[in-house]
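Each chain is listed here by its residues.
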Amino acid sequence: MDSISLILKALEFAAGRHLTQHRKGADRAPYINHPIQVASLLVNEAGEEDPVLIAAAILHDVIEDTVDSEEEKKELINRLREIFGEEVLSLTLEVTDDESLEKKERKRLQVVFAPSLSGRAQKLRIADKIMNLHDIYSNPPEDWPLQRIIEYYDWAENVVAGIRGVNTTLDEIFDETLKAGREKYHH
Ligand code: ZN
């Protein structure tokens, strides 16, 4: 499959999976905006051109956020393998949290395992965190108290601390985005 086909198939697939989902921000943007923004950041800001990375960026939340059971998860994994191949699948899996664990533990493990992710997964992880911080800055969830916002910023900083250096532009954008949020939220 050529690169453009791969990217368009990923967009079509992810749009279908996230069809009825919305972001947590007050404007309730369609969920698909987020993976598109992560992929666009990697290409248009950070200069990444690897089609496997871009396809996985578009697909990065489908396993974590669009299945309700282990059986559905297995089915989805098989479909991703069939359509997109092993490389895109394994990269997507690398950035998928284990939803059977408690949220606190999932967050702790992201910090612990960040340094052992593949280079591609590290780039994807940083881009995802940048866009999440950006969303919290420009359009915070209505039901998040200040404390939760601050904790999210601190956690994102800890995750990214273990994976710096894989793309220095991403590191810089992360630092700027973190700083802007900290200024806004006086933290
Ligand atoms: Zn994400």
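Here the structure is shown first, and the text comes after it.
Here the structure is a predicted model, which is why all the values come from computation and not from measurement. Residue numbers run consecutively from 1 along every chain, following the written order of its sequence. Where local features are concerned, this predicted model is filtered to residues with pLDDT of at least 70; where side-chain atom pairs are given and counted, the filter is 80 or more; whole-chain, interface and lining totals use all residues. Each side-chain value is derived from all of the structure's non-hydrogen atoms; neither hydrogens nor water enter the calculation.

Asks: Tell me what's going on with the coordination of the zinc ion, and back it up with residues and numbers.
Replies: Here a donor is any nitrogen, oxygen or sulfur atom (N, O, S) within 2.8 Å of the metal, with 3.2 Å used for Na, K and Ca; water is not among the atoms considered, so some sites may look incomplete. Of the protein atoms, only His34 (NE2), His60 (NE2), Asp61 (OD) and Asp128 (OD) coordinate the zinc ion, at distances of 2.1 to 2.6 Å. Metal sites are grouped by the angles between bound donors: all angles between 85 and 135 degrees with four donors is tetrahedral, opposite donors over 155 degrees apart with the others between 65 and 115 is square planar for four donors and octahedral for six, and any other pattern is irregular. Here the zinc ion is ringed by 4 donor atoms whose angles at the metal span 80 to 174°, and the overall shape comes out irregular. Between consecutive donor residues of the zinc ion, the sequence gaps follow H-x25-H-D-x66-D. Taken together, the residues His34 in helix α2 (residues 33–45) and Asp128 in helix α7 (residues 119–138) connect sequence positions 94 residues apart. Segments assigned H or I by DSSP are reported as helices when at least four residues long, segments assigned E as strands when at least two residues long, and all are numbered from the N terminus.

Asks: So, the packing of aromatic side chains: which residues are in play, and what are the values?
Replies: The relative placement of two aromatic rings is captured by the distance of their centres and the angle of their planes. Each Phe, Tyr or Trp ring (for Trp, its six-membered ring) is paired with any other whose centre lies within 6.5 Å, and the angle between the two planes then decides the class: stacked below 30 degrees, edge-to-face above 60, tilted in between. This model, assessed by the stated rule, comprises 4 aromatic pairs. On the numbers, 5.9 Å between centres and 45° between planes, the contact of Trp144 with Tyr152 is tilted. When the ring of Tyr152 is compared with that of Trp155, the centres are 5.3 Å apart and the planes differ by 75°; the resulting orientation is edge-to-face. Of the two residues, Tyr152 and Trp155 both sit in helix α8 (residues 146–161), 3 residues apart, roughly one turn of that helix. The burial state of Tyr152 is the same as that of Trp155; both residues are buried. Linked through ring pairs, Trp144, Tyr152 and Trp155 together constitute an aromatic cluster. Across from the ring centre of Tyr31, 5.1 Å away, lies the NZ or CZ of Arg23, which sits over that ring. Here Lys107 stacks its cationic end above the ring of Trp155, 4.1 Å away from the centre of that ring. Each residue's exposure class comes from its accessible area (1.4 Å probe, protein chains only) as a fraction of the maximum for that residue type: buried when under 20%, exposed when over 50%, partly exposed otherwise. Whether a charge sits over a ring comes down to the Lys NZ or Arg CZ being within 6 Å of the ring centre and within 35 degrees of the ring normal.

Asks: Could you give an account of the pattern of salt bridges, naming the residues involved and the relevant values?
Replies: In what follows, salt bridge is the name for a side-chain nitrogen of Lys or Arg lying within 4 Å of a carboxyl oxygen of Asp or Glu. Summed over the entire model, instances satisfying the criterion amount to 11 salt bridges. Among the ionic pairs, Arg81 bridges to Glu86, the shortest N-O distance being 2.9 Å. The exposure class assigned to Glu86 is partly exposed, which follows from its relative accessible area of 46%. Across the pair Asp175 and Arg164 runs a salt bridge, and its minimum N-O distance is 2.7 Å.

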